[in-house]
Amino acid sequence: MVEMTHQQTSVLVTGANRGIGFEFVRQYVQQGWQVIAAVRTPDRAEALRALADEHDTITIEKLDVASDQSIDALAAKLSGQPIDVLINNAGIFGEFTEQAFGSINFARFDTFMRTNVLGPLKMCEAFVPHVRAGQLKKIVSITSQAGSFGLDSGGLPGMYFYKSSKAAQNMVMRNVAKDLKAHDIVVCILSPGMVNTAGEIPPERRFQGLIEPPESIAGMIAVIDRLTMDDTGKFVRYSGEPQPW
Ligand SMILES: NC(=O)c1ccc[n+]([C@@H]2O[C@H](COP(=O)([O-])OP(=O)(O)OC[C@H]3O[C@@H](n4cnc5c(N)ncnc54)[C@H](OP(=O)(O)O)[C@@H]3O)[C@@H](O)[C@H]2O)c1
């Protein structure tokens, strides 16, 4: 059997210029991985470009997951390049008022579905050849406990589009997991916890359970490291515990 080192392993992260995506890049590059950091607007990804200046193991690529053409263009550009781990991270949360009962902006629903559901599905279709060519063969989608039916998300009222798009993403990924079993690709649905990616929150507004990005992402990387085909189609928290559907 070929002994793998992290020098040889590669990961593609969508939505990599800030928040959870950026922290995935930071931690994977520290571990010596080759990182393809996919972002909507490379010119505006200052922090990521500064990190890439320090590490030639980071490649920044342009990608809008809400555009089939953009996904196809990146898949074609990276044709023949193995990718060990694909992380579908890019997503939108939106504003509270546009998704609150009584003030729902129905015209916005399609954008949520396009970005949070069809984007990750299209990424899987387009990048199956790259992941099949990798040695680890793992696809991870970052969804949310907000999309869980089994968990009382009473702490997050409204948010109709966000919650329903994440629940739909869960169902989509369960199906992808079934379809990709034949290719020995593990598909895992990850819940990152409630992560402080919005910047500084004053202590009085911090709610119980809010964690910082390094803790969530270190947990998720440990989960990803341990994934085997037995885990395909599972919904797992960053801590490694099962997440109720
Ligand atoms: N933070 C949490 O507590 C939490 C909890 C559960 C799940 N999640 C999920 O974790 C993921 C990352 O969350 P986050 O907190 O890091 O969010 P964030 O800080 O808002 O960052 C979202 C990222 O997704 C990118 N993005 C949005 N639409 C895109 C598109 N059409 N194409 C490409 N990239 C796009 C954004 O790019 P721009 O910078 O160009 O806008 C940004 O880089 C999301 O899927 C989110 O739903 C987060």
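Everything in this summary refers to the structure shown in the same document. (Residues numbered from 1 in each chain as written. Predicted model: local features only at pLDDT ≥ 70, side-chain atom pairs only at ≥ 80, totals over all residues.)

Things to note about the overall build of the chain
Put simply, the rule reads: Runs of H or I in DSSP of at least four residues are treated as helices and runs of E of at least two as strands, each being numbered from the N terminus. With the radius of gyration taken over C-alpha atoms, the globule rule is written as 2.2 Å times the number of residues to the power 0.38. Exposure classification rests on a simple neighbour count of other C-beta atoms within 10 Å of a residue's own: a residue reaching 20 or more is buried, one at 12 or fewer is exposed, and one in between is partly exposed. C-beta atoms are placed from the backbone. A residue pair is marked as a contact if its C-beta atoms, positioned from the backbone, fall within 7 Å.
The helix and strand inventory of the chain stands at six helices and nine strands. Its C-alpha radius of gyration of 17 Å places the chain within 12% of the 18 Å reference for a compact globule of 245 residues. Along the longest, intermediate and shortest principal axes, the C-alpha atoms of the chain span 55 × 40 × 35 Å. Put simply, the chain has 245 residues, and 41% of those count as buried. Across the chain, the fraction of contacts at a sequence separation of at least 24, relative to all contacts at a separation of at least 6, is 68%.

Brief notes about the site of the ligand
The line we're drawing: In this analysis, residues qualify as near a molecule or strand once their C-beta atom, positioned from backbone atoms, comes within 6 Å of it. Each residue receives one of three labels: charged for Asp, Glu, Lys and Arg, nonpolar for Ala, Val, Leu, Ile, Met, Phe, Trp, Tyr, Cys and Pro, and polar for the others, Gly being one of them.
Near the ligand lie 25 residues; those nearest to it are Gly 15, Gly 19, Ala 90, Gly 91 and Thr 197. Listed by contribution, the elements that provide at least two residues to the shell around the ligand are α1 (19-30) and β7 (194-195). If you tally residues by element for the shell around the ligand, the top one is α1, at three residues. Per-class residue counts for the shell around the ligand are 11 nonpolar, 11 polar and three charged.

What to know about the packing of helix α4 (residues 109-133) against helix α5 (residues 160-180)
Condition: For helices, the fitted axis covers only the stretch in contact; all axes are lines through C-alpha atoms, and the angles between them, taken along N-to-C directions, range from 0 to 180 degrees. For classification purposes, angles smaller than 35 degrees are called roughly parallel, those larger than 145 roughly antiparallel, those between 65 and 115 roughly perpendicular, and all remaining angles oblique. Left-handed describes a crossing whose near helix is turned anticlockwise from the far helix through less than a right angle; right-handed describes the clockwise counterpart.
Taken N-terminus to C-terminus, the directions of α4 and α5 make an angle of 15 degrees; their axes are 8 Å apart at the nearest point. With respect to α5, the element α4 is oriented roughly parallel. Crossing handedness for the pair α4 and α5: right-handed. Between α4, through Phe 109, Phe 112, Met 113, Asn 116, Val 117, Pro 120, Leu 121, Cys 124 and Val 128, and α5, the contact on the second element is made entirely by Phe 161, Tyr 162, Ser 165, Lys 166, Ala 168, Gln 169, Val 172, Val 176 and Leu 180. Grouping the amino acids of the contact of α4 with α5 by side-chain chemistry returns 14 nonpolar, three polar and one charged.

What about the nonpolar core?
Definition in use: In this usage, the nonpolar core is the set of buried Ala, Val, Leu, Ile, Met, Phe, Trp, Tyr and Cys residues whose C-beta atoms join them within 7 Å.
Core analysis: the biggest nonpolar cluster contains 56 residues, and Val 13, Val 25, Val 35 and Ala 37 have the highest contact counts within it. When residues in this core are grouped by element, the largest group, six residues, is from α1.

Quick look at unusual backbone geometry
The backbone of Lys 137 sits at a positive phi, close to 55 degrees, despite the residue not being glycine. Look at Lys 137 and you get buried, because 22 C-beta atoms sit within 10 Å. Despite not being glycine, Met 159 has its phi angle at roughly 55 degrees, a positive value. Secondary-structure assignment places Met 159 in the loop between β5 (138-142) and α5.

Points about the sheet that holds strand β6 (residues 186-191)
Where we set the bar: When DSSP locates at least two bridges between a pair of strands, those strands are taken to pair.
The seven strands are arranged β3-β2-β1-β4-β5-β6-β9 in an open sheet whose pairing can be described as parallel. The sheet is open, and its two edges are formed by β3 (58-62) and β9 (235-237), each paired on a single side. In this sheet, neighbouring strand axes are inclined to one another by 20 degrees on average, regardless of whether the strands run parallel or antiparallel. Of the strand pairs in this sheet, strand β1 (residues 10-14) and strand β2 (residues 34-39) are connected by five bridges, and their pairing is parallel. Counterpart to Val 11 in the pairing with β2 is Val 35. Taken strand by strand, helix α2 (residues 46-54) contacts β2 and β3, and its axis lies near 145 degrees from that of β3.

Observations regarding the pairing of β6
The buried count for β6 comes to six of six residues, which makes it a mostly enclosed element. Residues Val 186, Cys 188 and Leu 190 of β6 are buried on one face, and the alternating residues Val 187, Ile 189 and Ser 191, pointing to the opposite face, are buried as well. The sheet contact formed by β5 and β6 spans five bridges and is parallel. Looking at β6, one finds that Lys 138 is bridged to Val 186. For β6 and β9, the ladder comprises three bridges, and the chain directions are parallel. Residue pairing for β9: Ile 189 is matched across the bridge by Phe 235.

Considerations on the packing of helix α3 (residues 68-77) against α4
Look at α3 against α4: their axes get within 9 Å of each other, and the N-to-C directions meet at 25 degrees. Classed by the angle they form, the pair α3 and α4 counts as roughly parallel. Where α3 crosses over α4, the handedness of that crossing is right-handed. Contacts between α3 and α4 involve Asp 68, Ile 71, Asp 72 and Ala 75 from the former and Lys 122, Met 123, Ala 126 and Phe 127 from the latter.

Shape is all these values report; function is a separate question.
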